[in-house]
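Given next are the chains, with one letter for each unit.
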Amino acid sequence: MKTLWIITELFPPDETSTAYILGEMANDSTKEYEVHVICGPEVYDTRKKIDVEHPFHLNPAVMVHQVKGIGIDKNKALGKALSFLMMSWRLQRLSRRLVKRGDKVLLVTNPAPLILLISRLRKKRQFELNVLVHDVFPENTIPAGLKMPGAVYRFVKKQFDKAYSRVDKFLTLGRDMAEVVRGKAGDKAQVCIVENWADIDTIKPQPMPEGNIMLEYAGNMGRVQGLDKLVHELPKYVELHFYGTGAMENSLKAMGLSNVFFHGPYFRSQQNEVLAACHVAIVTLSENMYGLGVPSKTYNIMAAGRPIIYFGPEKGEIALMIKENKIGYIGWPEKWDMEELKEMGKRARELAESTYCKEAILTKYLNTIR
């Protein structure tokens with residue numbers, strides 16, 4: 001069997017979305033490859049507990065090679081930058097020792113500097129390089145508010161564009177991201193769309209709550225989601241419930257709105273009950289995130305049979321999917337109709353089952369890297 005190397009900082013038992021997705025891809029890849037994983041330590045954020053109820057189990061055939069963690073506070077800008085650089089170097093150093101000519105590599109785009117190092121290694125070692133694009137650097141620094149001097153930004157972008165041009169095949173999460181990647185890598189780049197999937201087996205539709213319209217935002221409360229604008233525009237007659245943590249949490253709490261509630265972090269195994277606790281679930285990106293990210297939470301919202309209210313680029317993948325399938329709203333609706341919400345939620349679940357189930361997406365993934 002041919003050898004497949006998956007190179008990523010994040011991998012189970014870490015519970016981030018990237019870790020879970022790559023864990024399932026590693027499991028499925030054992031059908032056709034001898035699978036090795038080069039990854040970071042078991043837990044990305046040491047402050048978080050491991051969910052003992054998490055249903056994921058790694059196939060024993062997957063061989064995991066870990067590098068040591070970086071003992072730096074990632075919540076500070078300098079610490080995060082140093083951590084990204086050091087982790088990228090450690091992952092590359094181990095890859096240089098283990099990956100052989102003719103092997104196949106699946107690399108994820110986080111930490112960002114890793115693609116610079118692995119693309120150079122690919123040029124020397126002549127292995128096949130497939131890149132799973134979860135975010136696009138340095139373009140994503142702009143919506144995140146991480147400013148670089150113009151000359152520095154242009155230099156960094158040129159280096160990353162050159163690295164992208166050495167990739168054999170890209171796996172992007174949506175149509176807008178595919179467009180951005182082609183712009184970086186050139187018209188000859190092989191770009192395939194492999195979306196995230198919905199956990200239709202563990203997440204099931206539940207009856208909607210009684211009473212006032214309840215909106216829910218579950219996940220990372222980061223800077224690129226535009227959550228401050230969302231809260232400012234929130235109608236007074238609806239409730240907004242936050243599940244999760246992130247850089248914007250304290251500033252959102254400081255607004256002190258009586259119809260906004262914070263429930264803290266939750267485990268992946270609790271998604272079923274969390275997603276059932278609303279009428280409509282929110283997916284949001286700042287306007288300048290076009291092609292730079294596709295929130296994976298969208299697909300589990302669909303699995304839960306909940307309509308989506310989306311705030312973000314109107315030509316982005318999530319907006320296109322909502323419009324094409326009538327499973328939610330782009331921006332605030334003129335009115336809330338309970339029967340319409342239920343019909344949208346029903347269509348969302350049907351779409352998750354027919355198009356975005358794990359089996360369908362993993363088959364698409366294997367066909368893409370084959």
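All chains use their own residue numbering, which begins from 1 and follows the written sequence. Owing to the predicted nature of the model, reporting of local features is limited to residues with pLDDT of at least 70; listing and counting of side-chain atom pairs is limited to 80 or more, with chain, interface and lining totals taken over all residues. Excluding hydrogens and water, the side-chain figures rest on all heavy atoms present in the structure.

K.L.:
For this particular structure, what's the right way to read the overall build of the protein?
P.N.:
The helix count covers DSSP runs of H or I at least four residues long, the strand count covers runs of E at least two residues long, and both are numbered beginning at the N terminus. Across its full length, the protein holds twelve helices and 13 strands. The C-alpha radius of gyration computed for the protein amounts to 20 Å, which stays within 12% of the reference 21 Å derived for 370 residues, consistent with globular compactness. Projected onto its principal axes, the C-alpha coordinates of the protein cover approximately 60 × 45 × 40 Å. Buried residues are those whose accessible area, probed at 1.4 Å on protein chains only, stays under 20% of the maximum for their type, while exposed residues exceed 50% and partly exposed ones sit between those limits. Residue burial in the protein is summarised as follows: out of 370 residues, 54% are buried. Note on contacts: a residue pair is in contact if any heavy atoms of the two residues lie within 4.5 Å. Contacts in the protein between residues far apart in sequence, at least 24 positions, make up 72% of those at least 6 positions apart. Carbon and sulfur atoms make up 52% of the accessible area of the protein, which totals about 17200 Å². In this count, Lys and Arg are taken as positive residues and Asp and Glu as negative ones, while His and the chain termini are left out. Here the site of a charge means atom NZ of a Lys, CZ of an Arg, CG of an Asp or CD of a Glu. With 51 positive and 43 negative side-chain charges, the protein shows a spacing of 10 Å between the two charge centroids. Radius of gyration here is computed from C-alpha atoms only, and the compact-globule reference equals 2.2 Å multiplied by the residue count raised to the power 0.38. In this description, accessible areas are obtained by the Shrake-Rupley approach with a 1.4 Å probe, and a residue is regarded as covered only by the protein chains that are shown.

K.L.:
Any chance you could explain the pairing of strand β1 (residues 2-8) here in plain terms?
P.N.:
Within a regular strand, side chains alternate between the sheet's two faces. Most of β1 sits inside the fold, with six of its seven residues counted as buried. Pairing geometry for β1 and strand β2 (residues 33-39), over seven bridges, is parallel. Residue K2 lies in a different strand from β2, and its bridge partner there is Y33. Whether a crossover is right-handed comes down to one check: with the strands pointing away from the viewer, does the path from the first strand over the helix to the second run clockwise; if it does, it is right-handed. As a crossover connection, the stretch from β1 through helix α1 (residues 17-29) into β2 is right-handed. Each pair of strands is called paired provided DSSP finds at least two bridges between the two strands. With four bridges connecting them, β1 and strand β4 (residues 104-108) associate as parallel partners. What sits directly across from W5, in β4, is V105.

K.L.:
Sorry if this is basic, but what is going on with the packing of helix α4 (residues 150-165) against helix α5 (residues 175-185) here?
P.N.:
Helix packing geometry: the angle between the two helix axes and the distance between the axes. The N-to-C vectors of α4 and α5 enclose an angle of 100°; their axes lie 8 Å apart at closest approach. Classed by the angle they form, the pair α4 and α5 counts as roughly perpendicular. Seen from α4, the contacting residues are K157, F160, D161, Y164 and S165; seen from α5, they are V181, K184 and A185. Residues that form the contact of α4 with α5 fall into these classes: four nonpolar, one polar and three charged. Axis definition: a line fitted to C-alpha atoms, limited for helices to the stretch in contact. Angles are taken between N-to-C directions and run from 0 to 180 degrees. Here the angle decides the label: under 35 degrees means roughly parallel, over 145 means roughly antiparallel, 65 to 115 means roughly perpendicular, and every other value means oblique. Nonpolar residues are Ala, Val, Leu, Ile, Met, Phe, Trp, Tyr, Cys and Pro. Charged residues are Asp, Glu, Lys and Arg, and all others, Gly as well, are polar.

K.L.:
I keep staring at the side chain of D14 and nothing clicks. Help me out?
P.N.:
When you line up the elements, D14 lands in the loop between β1 and α1. Under the relative-accessibility criterion, D14 is labelled buried at 7%. There is a polar contact of 2.7 Å between the side chain of D14 and the side chain of T16. Definition of a polar contact: a pair of N or O atoms within 3.5 Å, with one able to donate and the other able to accept a hydrogen when the atoms are protein atoms, and with sequence-neighbouring residues admitted only if both atoms are side-chain atoms.

K.L.:
When you look at the pattern of salt bridges in this model, what are you seeing that I'm missing?
P.N.:
Should the charged atoms of two oppositely charged side chains come close, the side chains can pair. Salt bridge, as used here, is a side-chain nitrogen of Lys or Arg placed within 4 Å of a carboxyl oxygen of Asp or Glu. Applying the stated rule across the entire model yields 15 salt bridges. As a salt-bridge pair, E317 and R175 come within 2.9 Å of each other at their nearest N and O atoms. On the criterion of sequence distance, the pair formed by E317 in helix α10 (residues 317-325) and R175 in helix α5 is long-range, its members being 142 residues apart. The buried category is assigned to E317, whose relative accessible area is 3%. Using a relative accessible area of 34% as the deciding quantity, one classes R175 as partly exposed. Three or more residues are tied together by salt bridges with common partners; here these are E139, K157, D161 and K184.

K.L.:
Hey, could you run me through the environment of F160 in this one?
P.N.:
On the secondary structure map, F160 appears in helix α4. Owing to a relative accessible area of 4%, F160 belongs among the buried residues under this scheme. Here F160 is in contact with A112, P113, I115, L116, F137, P138 and K184, once residues within four sequence places are set aside.

K.L.:
Even after reading the chapter, I still don't get the pairing of β4, so can you show me in this structure?
P.N.:
Counting buried positions along β4 gives five out of five residues, so the element sits mostly inside the fold. Every second residue of β4 is oriented toward a common face, with K104, L106 and V108 on one face and V105 and L107 on the other, all of them buried. Sheet topology places β4 next to strand β5 (residues 128-133); five bridges connect them, and they run parallel. The residue bridging K104 from the neighbouring strand is E128, located in β5.

K.L.:
Looking at this structure, I do not really get the environment of L351. What am I missing?
P.N.:
Here L351 shows up in helix α11 (residues 338-354). In this structure the C-alpha to C-alpha distance between L351 and G305, which are 46 residues apart in sequence, comes to 9.7 Å.

K.L.:
Looking at this structure, I do not really get the packing of helix α3 (residues 114-125) against α4. What am I missing?
P.N.:
As a packed pair, α3 and α4 sit with axes 9 Å apart at the nearest point and diverge in direction by 45°. When the axis of α3 is compared with that of α4, the two are oblique. Crossing hand, α3 versus α4: left-handed. Along the contact surface, α3 presents I115, L116, S119 and R120, while α4 presents Q159, F160, A163 and Y164. Across the contact of α3 with α4, the residue classes break down as five nonpolar, two polar and one charged. Left-handed describes a crossing whose near helix is turned anticlockwise from the far helix by less than a right angle; the clockwise case is right-handed.

K.L.:
Would you take a moment to explain the nonpolar core for this structure?
P.N.:
Counting 90 residues, the largest nonpolar core has L107, F170, M302 and Y365 as the members making the most contacts within it. Not counting residues up to four positions away in its chain, the partners in contact with F170 are V131, V133, Y164, V181, A185, A189, Q190, V191 and C192. If you look at the next biggest cluster of nonpolar residues, it comprises 23 residues, including L215, L240, V260 and F311. Nonpolar cores were defined as sets of buried Ala, Val, Leu, Ile, Met, Phe, Trp, Tyr and Cys residues, with membership established by side-chain atoms within 4.5 Å.

K.L.:
Would you mind going over the packing of aromatic side chains with me for this structure?
P.N.:
Two measures describe an aromatic ring pair: the distance that separates the ring centres and the angle between the ring planes. Centres within 6.5 Å are what make two rings of Phe, Tyr or Trp a pair, Trp counting through its six-membered ring; a difference in plane orientation under 30 degrees is then read as stacked, over 60 as edge-to-face, and the rest as tilted. Inspection of the entire model under this criterion finds ten aromatic pairs. Relative to Y266, the ring of Y243 lies with its centre 6.4 Å away and its plane at 85°, an arrangement referred to as edge-to-face. One end of the pair, Y243, is in strand β9 (residues 239-243); the other, Y266, is in the loop between β10 (260-262) and α8 (271-276), and 23 residues separate them in sequence. The class for Y243 is buried, based on a relative accessible area of 12%. Relative accessible area serves as the criterion here: at 24%, Y266 is assigned to the partly exposed category. In this structure an aromatic cluster arises from ring pairing among Y20, F56 and W197.

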